[in-house]
Every structure is written in C-alpha cells, then in structure tokens.
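Each chain, letter by letter, is given below.
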Amino acid sequence: MQKTLFKYLPPAKASFLLLVLIMGLSSCKKFLDTKPTDVYTPANYYNTEAQLQQALNTANGTLMIPSIYAQVLGFNFAASNDELISNKTTDGDARGLRFNFDATNVYVANLWRYCYMGIQNLNSLVDNIQKPTMTEAKRNIIYGQALFLRGYYYFLLTSHFGDVPLILHVPGITDVNIPAAKQADVYGQIEKDMKQAETLLAGYTSASLGYNDVVTIDAVQAILTRVYMYWAGYPQNNTAKYQDAIVYANKLINSGAHSLNPDYRQVFINLTQDAYDVKESIWEIGSYSATAGTAVKTGNDIGNFVGIPSAYVATDTSSYAGAGWVNTTKLLYDAYALDLASTVTPKPSFDIRRDWNCASFSYTGTPRKKTPITQPWLNFSGKFRREYCPLSSRANGVYGINWPVIRYSDVLLMKAEAENFVNGPTTAAYDAINQVRRRGFGNLYGNVVKSITIVSGGTGYSATLPPVVTISGGGGSGATATAVVSTGGVVTGIMITNPGNLTSSGSYYTSAPTVSIAPPASGTTATATATITNITDADLAAGETKASFQLAIRNERLKELNAEGLRRFDLVRWGNYYSDIQAFTVWTAANGGQTSNPNGYQGLQNIAPRHALLPIPIYELNLNHALVQNPGW
C-alpha cells in the first residue's frame, strides 16, 4: 500500500495526525536523533514529482467525502428553500434540513473540519512546491491546481461561515488561537490564489485532457466568475465585482471551448454513466479513490437523499437504491412554461426540464412498480437518476457519480446577471439567458415537436392498453408520444415523451410532422395534428427593464440549476434570504403545501435571520479562543 501524507480517518485520528505533523514542523530533536523512516513528515516527503502529485490528489479527493460533496453540499443545509423541502421529521432535523440545527451539529462541524484539513494539506504542498527536481511545466500544473484548490476551500468556508481564519502556511505548535479574517480579506486571498493559478495553468484545458474532474484553467475562470458574483452580493455588496464577473465569464464564452449540451437530460445521464462532457460540464468533483478519467469509483449519496425513491431488487436489473428524503416544490414545478391548449392532465410543459427535474413518480414494492404522483408538492428531484448507473454499480451499491460543481449554463446565467447589473438588459445579456432557455425547450439547434392536438378522439380504444402513436416526416426525427385514453374508449390527449432528436446535428423539424394513431380493434381511428417550435419560442420577451430582467434571471436559475446546491447561496447573495423563505412559507400554505408536505412546511417555519450563515462549530470555539460565534447562534 502506498503511503499518503493524510488518509481519510475519523476526525479524532485525523486531528491527531495533524498535530503530529505540526509537532514535526515546529520542534527540534527533542525525542529522537534518528530520522523516521516509516512515517512521512515534510522533512522526508515532497521529494519527487509523484509525491507532490499524491499530496495534491489527497487534497482534491477530500472534496468528495460525505462531509463535503459526497453528501452535505448537495443535501444538508442546501435542500430547504423554494426548490426543495424535506419530507422527514427527526432525520431531517439531524441532517440540517429543517433549520433545527445548532453549533453542535456534526455535519456543521465536519464541513469546517475537512475544509481546513484540505487547506492544511495544500499549505504543506505549496510550502514545498520547489523541493523536488522536475520540469517547470509539470511543477506549474501541480502548483496552479494547489493554489486554486486552497482558494476554493476558502470559498466554501467563507460562503458558509462568513469570517474565517485565513491560514496560508502550516501553523506552528503554538499557533492555537487564530482570529478570523474579515470576509473581504478572505475573498481577496481567494482572488489572489486563483489568479495566480490561472497564469500557472495557461493552456491546461479540459478539452486537451478529455475529462474535467481535475482543475484546469477552464475551472479557474468559471469559479472566479462565481466568486465575483458572491463577492458582489450580500453581505459584502462590493458591486464593482460584477464587472470582474463579466470579464471572467467572457473568457470562458469567448474561448469557444464550451457549449450547452442540446439535451438537458443527457447532461445528468452522462454524469451517472461517467461519460465526460467537457463542453457543458466545466469542473466536476470526481468520486474518491479514482484516478481522473476512470470509470471505477467508490460510492456517494448523489441521487440518493435528493433523488427518486426505489429499492434495489436483485431480480430486477433496472432497480437501484434511493431514499428520496426531499421533495421538489410546487413553485419549481409551476415555474416552467405550460402548453395551456393541451387536453392532457396535468398540463404538459414546453420545457423539458420540468419533467426531468420534478419526477412525478416513485418506485415501490417487490417487484418494483412505477407509481405515479399527481400532487406537485410530492414530486421527487429527478436530476440525478441512479437508474442510469451501470448495473454493476447498482448491484453493489456503489454510485460513483461525479458532482458538477459548475456548468456552462451557470456561466451564461452569471454573465447575463452581471451584464444586466452593470449595463442593463443588453443584447449580450439577452443572448446569454436565451441560450439556456432555448436548450430548455429542446430547440437550441433547430425546431422540435411543440404540441399535438386531437382532431378526433375515435372510439373503441382501451384505457389500459393505449394505441401506439407514430410521428413521422417533417424533416426531423426522434419525436415520440403516448396516447391518453378515457374509460369510454376515446383518445383524449397525446403526451409528448420526447420532442425530437436532441443533438447538435439533429435532424430537426422543418415542417409539422404527421401524427398517426394506431386503429382500435373495433371502432373508429383517432386523428391528431402536430405543431413545431419556432426558434424564438423560448426567448425572454423583449423590452425587459433592469429590474424585471433580474427577476427573470432568478427564475431561470431556479429552473436550470435546482438540486445542484446553489439556490441557498443565490438567495443569500441577492440579500433577502430570510424574507424570501418567509414569503415562500406563506405561499406554501396558500398553495396546498402545508397539507401536502407538512414536514417540509413545518421546517420552513423555523427559518431565522441567522441561517444566512452556519454557526461556527462549538468544538472549534472551545479550541480557538480568538473566534467569535456568528450573529444569532
């Protein structure tokens, strides 16, 4: 077994190992005159390129442990807002889902602890970066990645906790009481580290690598855009940083290396299947213990607690294990544009993101049965669908799904928001948001089937065995649909299940295709006609004001980025987190959520102004007497 500078250990053992390392750095030859040979210390480590890389891998891999991205950052503290609410009581409280946690919460403590453990590893690496003999090109890549990751750990810390200790070198044995730096200074150091990383990683792109679960210059520029957006918003309100966000978003956009996957659903299917989409997904956190670019990864909770419930059944090769501890909200479901003319109930959406993100079904029983859900408050988050994982993973309970830290659609929406703040709703701002909206409708590269209207419902059909619907012609391909039949044997509607072949090359529809409904065994054949989209159907209406365009951005981020751990921070940086959740709680009661999901509703009622930040962990306050607890905790 290879030795590593730090291994994944229980917090007590990890803290002890950290203490040993600090003592090794600070003390003289008080204990032994013989240099240790079976334990690594900075004195006998970092001697080779391989050791530098291994230390970097450890710091990178720490991001994909349950205390960070393998569970917490997409679930605990992130799944109680206007997009997702808990359906649990006691478990939901323990996990932080219902605003009933405090400074003793283990998930709060471990988020702080493991972020600083990552920083500790990186500080030691940065301090020793010049030690081995190696090519400067390879040294620069490791150095740049280390600086970026240190900055990113601090970004996680300051966005969750506010003012935090800013430690840039391995501390000495007497460095115990370290005061928190002001958040503005933390942001300043993040910017410094990431800008230096940008220079060091010049030319090191995900396109050249073929995978995106390592730090590249693309990741640096995308995350710097996000850093500037947070810095510009509450509580710093340094609005000059919106211009910096525009600069960095433009670097990504103008590079030509990134574009939207034409099929929104495929973005997340790719993640479950470990298929790298380096155009859309700019930076992913790879599952722990896997070399970048490999498919064999250890398990995580992505798609589990925030996912569609199911049990794994050995005799059912389509099954998987998923808990589904949160539901999507009616507010999210209602945010997507409806086909109001459709005779199908519930009304279908023109936006394919709705039925992917708000899964109106679960899997129950043995053998498993797909059970429909008709109440929007009880839909499950369908973004990360474990059923698409390879069978070998599902059978072993190992779900090595990468976490998409930042996607190109997020960069486009940040560009639109920053552009609007600085210059108003310009053509550039409209272009950025409309790319995301068009992809949502499936017509980013061409027109798809928009709606199907019944001309004649026919007679003699079976409600339990609806007729086959065939869509042909029109210059396109790939559209599919199913018929809805009444108990009286009449086709009452056609539900589009796929609007077309959503790839960059199509083929897309140039005219309305023919819809054919199979005849009944006896009776009259139903008929229907189709319409196709216009390329501008999804576009935001012209003439928006600066204020209304900002509201459109907020709504678009809800539709596009839900369940990706970003909504809470969007609401915070927009300056109205507490009041927005309060208003949503009132809306929930008025729109059926209080009775449909009482656990989630009760959790929302616990929101307080203090929840804009997490509390400083109590154990840290007991150890570091220079720290002060966050307001309200």
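Residues numbered from 1 in each chain as written. Predicted model: local features only at pLDDT ≥ 70, side-chain atom pairs only at ≥ 80, totals over all residues. Heavy atoms only, no water.

Q: What's the story with the sheet that holds strand 13 (residues 514–517) in this structure? I'm lost.
A: Backbone hydrogen bonds hold the strands of a sheet together, and the pairing may be parallel or antiparallel. With antiparallel pairing, the four strands of this open sheet are ordered in space as 9-14-13-10. Whereas interior strands pair on both sides, the edge strands pair on one side only; in this sheet they are strand 9 (449–456) and strand 10 (469–472). Strand-to-strand twist across the sheet, computed as the mean angle between neighbouring axes with direction ignored, equals 25°. (Pairing = 2+ DSSP bridges. Helix = DSSP H or I, 4+ residues; strand = E, 2+ residues; numbered from the N terminus. Axes fitted to C-alpha atoms, helices over the stretch in contact; angles between N-to-C directions.)

Q: What is the right way to look at the packing of helix 15 (residues 427–441) against helix 16 (residues 546–561) in this model?
A: Two packed helices can be described by the angle between their axes and the distance between those axes. The interhelical angle for the contact between helix 15 and helix 16, taken along N-to-C directions, is 30°, at an axis separation of 11 Å. Between helix 15 and helix 16, the interaxial angle falls into the category roughly parallel. Judged by the sense of rotation from one axis to the other, the crossing of helix 15 with helix 16 is left-handed. Contacts between helix 15 and helix 16 involve Ala429, Tyr430, Ile433, Val436, Arg437 and Arg439 from the former and Phe549, Ala552, Ile553, Glu556, Lys559 and Glu560 from the latter. Split into classes, the residues belonging to the contact of helix 15 with helix 16 amount to seven nonpolar, no polar and five charged. (Parallel < 35°, antiparallel > 145°, perpendicular 65-115°, else oblique. Left-handed = near helix turned anticlockwise from the far one by under 90°. Contact = heavy atoms within 4.5 Å. Nonpolar A, V, L, I, M, F, W, Y, C, P; charged D, E, K, R; others polar.)

Q: What exactly am I supposed to notice about the nonpolar core here?
A: Considering soluble globular proteins, one finds that nonpolar side chains tend to be buried as a cluster. Counting residues in hydrophobic clusters, the biggest one holds 126 residues, and the most contacted among them are Leu63, Ile68, Tyr69, Leu125, Phe148, Tyr152 and Trp283. In terms of residues, this core owes the most to one element, helix 5 (residues 136–161), which gives 13 residues. Sequence-distant contacts of Phe148, that is, excluding residues within four places in its chain, are made with Met194, Ala197, Val215, Ala219, Val220, Ile223 and Trp283. Core analysis: the next-biggest nonpolar cluster, separate from the first, contains 18 residues, Ala483, Ile517, Ala526 and Ala528 among them. (Core = buried A, V, L, I, M, F, W, Y, C linked by side-chain atoms within 4.5 Å. Buried < 20%, exposed > 50% of the residue type's maximum accessible area, 1.4 Å probe, protein only.)

Q: Is there a simple way to think about the layout of surface pockets in this case?
A: Summary: where empty space remains is shown by rolling a probe the size of a single water molecule over the atoms. Of the volumes computed, that of the largest pocket is approximately 1,200 Å³. Forming the boundary of the largest pocket are 45 residues, of which Asp355, Ser360, Met495, Ile496 and Thr497 lie nearest the centre. Listing elements by their share of the lining of the largest pocket, those giving two or more residues are helix 10 (264–272), helix 12 (352–357), strand 5 (361–364), strand 6 (369–372), strand 9, strand 11 (480–485) and strand 12 (491–498). Of all the elements, strand 12 adds the most residues to the lining of the largest pocket, at five residues. Across the lining of the largest pocket, the residue classes tally to 24 nonpolar, 12 polar and nine charged. (1 Å grid on protein atoms, 1.4 Å probe; cavity = no way out; pocket = protein on both sides within 12 Å on 5 of 7 lines; lining within 4 Å. Points joined across faces, edges and corners; volume = space filled by probe spheres on them.)

Q: Any chance you could explain helix 15 here in plain terms?
A: Working note: α-helix, 3.6 residues per turn, so residues spaced by three or four point in the same direction. With 15 residues, helix 15 should reach 21 Å at 1.5 Å per residue; the first-to-last C-alpha distance of 20 Å fits that figure. Of the residues making up helix 15, those classed as buried are Ala429, Tyr430, Ala432, Ile433, Asn434, Val436, Arg437, Arg439, Gly440 and Phe441. Against helix 10, helix 12, strand 8 (403–407), helix 14 (408–423) and helix 16 lie the buried residues of helix 15. Gly442 occupies a position one or two residues after helix 15 and carries a positive phi of about 85°. (Expected span 1.5 Å × (residues − 1).)

Q: Which parts of the structure should I look at to understand empty space enclosed by the protein?
A: Counted according to the given criterion, the structure contains four cavities of 30 Å³ or more. What lines the largest cavity is a set of 21 residues, and nearest its centre among them are Tyr69, Leu156, Gly565, Leu566 and Phe569. Looking at the lining of the largest cavity, the elements with two or more residues in it are helix 5, helix 8 (217–232), strand 8 and helix 17 (567–573). Broken down by element, the lining of the largest cavity gets its largest block of residues, five residues, from helix 5. Of the residues in the lining of the largest cavity, the class split is 14 nonpolar, four polar and three charged. Its volume calculated, the second largest cavity comes out at about 90 Å³. Forming the walls of the second largest cavity are Tyr69, Gln71, Gly74, Phe75, Asp301, Ile302, Gly303, Val306, Phe384, Trp403 and Ala563. Across the lining of the second largest cavity, the residue classes break down as seven nonpolar, three polar and one charged.

Q: What is the right way to read the packing of aromatic side chains from this model?
A: Scanning all chains against the criterion turns up 32 aromatic pairs. These aromatic residues form a ring-pair network of at least three members: Phe148, Tyr152, Phe155, Tyr230, Trp283 and Phe569. The lysine or arginine in question, Lys370, covers the ring of Phe361, its NZ or CZ lying 4.2 Å from the ring centre. Seen from the ring of Trp633, Arg610 lies directly overhead, with NZ or CZ sitting 3.9 Å from the centre. (Phe/Tyr/Trp six-rings, centres within 6.5 Å; stacked < 30°, edge-to-face > 60°. Lys NZ or Arg CZ within 6 Å of the ring centre and 35° of its normal.)

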